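Chain residues, written in single-letter form:
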Amino acid sequence: MNDGVPEPLKRRIYERLAHVPKALASARRLELVDLLAQAEKSVETLARESGQSVANASQHLQQLRRAGLVEVRRDRTYGYYRLAGDDVLRLWQAVRALGEARLADMDRLLDELHPGGGEPAPLTMDELRDHLARGGTVLLDVRPSDEYHAGHIPGALSVPVDELPERIHELPDDAEVVAYCRGPYCVFSDEAVALLRAHGIPAARLQEGFPDWRAAGLPTEGSPA
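Residues numbered from 1 in each chain as written. Predicted model: local features only at pLDDT ≥ 70, side-chain atom pairs only at ≥ 80, totals over all residues. Heavy atoms only, no water.

With that out of the way, let us pick up the overall build of the chain. Along the chain, the regular secondary structure elements total 12 helices and seven strands. Principal-axis analysis of the C-alpha atoms places the extent of the chain at approximately 70 × 50 × 30 Å. Sorting the 225 residues of the chain into buried and exposed places 41% on the buried side. Considering only intrachain contacts with a sequence separation of at least 6, the fraction spanning at least 24 residues in the chain is 65%. (Helix = DSSP H or I, 4+ residues; strand = E, 2+ residues; numbered from the N terminus. Buried < 20%, exposed > 50% of the residue type's maximum accessible area, 1.4 Å probe, protein only. Contact = heavy atoms within 4.5 Å.)

Below, the structure is given as structure tokens:
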């Protein structure tokens, strides 16, 4: 049954909306969105952290920008990109959740990403809140320091995972340690937990990452600028 909308107009609306899924129809661009959920970053930083050339990263960012998913801030000759809004983060979370629920091999891939072994089960955000409320838990943000300064869980210590071996002596001997990083597709916290436990320090990781914590409306510290 015709809904009364002229077919050419309806087609133009759907074609316009299709720019959003088209912009996300790339593993490289999804990874860039995941990185930008942490903090504003330069093209050069995004290229380095995603393992691609600056030229390729720039092309992908332009496609995300044309779809209205990212914005750019110019500082002289440098461009700094950020997500266009929290709704983009929620879209990324929805894509992630749908893929994990509907794609048959995602469980296997996630098991490969987080093999676990004898490590304790990761904490949910609610469980972490309970641990922090009870006290005696040291919370480590093991992401790069620029991401920590852009935003972090209140009370967390910034110890990037590559600095942890030299700074492990800073941690109290009698405290439980919980590490968190970028999200479920990041292994910085896995690496941190493995190192801490090898030194006899009780440790676990947060199952989600800082962007999920922020998107849940939980308290944060730091400045996105």
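Now that the structure has been shown, the text picks up again.
On strand β3 (residues 78-83), burial follows the alternation: Gly79, Tyr81 and Leu83 on one face are buried, whereas Tyr78, Tyr80 and Arg82 on the facing-out side are not. Note: strand β1 (residues 41-42) against β3, two bridges, orientation antiparallel. Bridge pairing in β3 links Lys41 to Tyr81. Bridge analysis of strand β2 (residues 70-75) against β3 gives six bridges, and the strand direction is antiparallel. Each bridged residue has a counterpart across the sheet, and for Arg73 the counterpart in β3 is Tyr80. Here β2 folds back onto β3, and the loop between the two strands holds two residues, one of which, Arg76, carries a positive phi near 55°. (Pairing = 2+ DSSP bridges.)

So, on to helix α8 (residues 125-134). If you check which residues of α8 are buried, you get Met125, Leu128 and His131. Mapping the buried residues of α8 onto a view down its axis gives an arc of 115°, with all of them on the same face. Exposed residues on α8 whose side chains face more than 90 degrees from its buried face are Asp126, Ala133 and Arg134. Where α8 is buried, its residues touch β4 (137-141), β6 (176-180) and α12 (210-215). In the segment just after α8, Gly135 is the residue with positive phi, at about 85°. (Arc of directions from axis to C-beta.)

Here the focus is the pattern of salt bridges. Where side chains of opposite charge bring their charged atoms close, a pairing between them can arise. Summed over the entire model, instances satisfying the criterion amount to 17 salt bridges. Of the charged contacts, one joins Asp141 and Arg143 as a salt bridge, the two residues approaching to 2.8 Å between their closest N and O atoms. Asp141 gets classed as buried once you look at its relative accessible area, which sits at 0%. Assessed through its relative accessible area of 0%, Arg143 is described here as buried. The shortest N-O distance in the salt bridge between Glu147 and Arg182 comes to 2.7 Å. Of the two residues, Glu147 is situated in helix α9 (residues 145-150) and Arg182 in the loop between β6 and α11 (188-198); the sequence distance between them amounts to 35 residues. In terms of burial, Glu147 and Arg182 fall into one category: buried. (Salt bridge = Lys/Arg side-chain N within 4 Å of Asp/Glu carboxyl O.)

Overall, antiparallel pairing links the three strands, which are arranged β1-β3-β2 in an open sheet. Every interior strand has two partners, whereas the edge strands, β1 and β2, have only one. The strands that helix α3 (residues 27-36) touches are β1, β2 and β3; relative to β3, the one it contacts most, it runs at about 85°. (Axes fitted to C-alpha atoms, helices over the stretch in contact; angles between N-to-C directions.)

Counting buried positions over the five residues of β6 gives four, a clear majority of the element. Taken together, β6, α11 and strand β7 (residues 203-205) constitute a β-α-β crossover, and its handedness is right-handed. (Right-handed = clockwise from strand over helix to strand, strands pointing away.)

The next subject is the sheet that holds strand β5 (residues 157-158). With parallel pairing, the four strands of this open sheet are ordered in space as β5-β4-β6-β7. Whereas interior strands pair on both sides, the edge strands pair on one side only; in this sheet they are β5 and β7. Of the strand pairs in this sheet, β4 and β5 are connected by two bridges, and their pairing is parallel. In the strand pairing of β5, Leu140 is matched with Leu157. Seen against the sheet, α8 touches β4 and β6 and runs at an angle of roughly 130° to β4. Along the sheet, α11 contacts β4, β6 and β7; its crossing angle with β7, the most-contacted strand, is approximately 170°.

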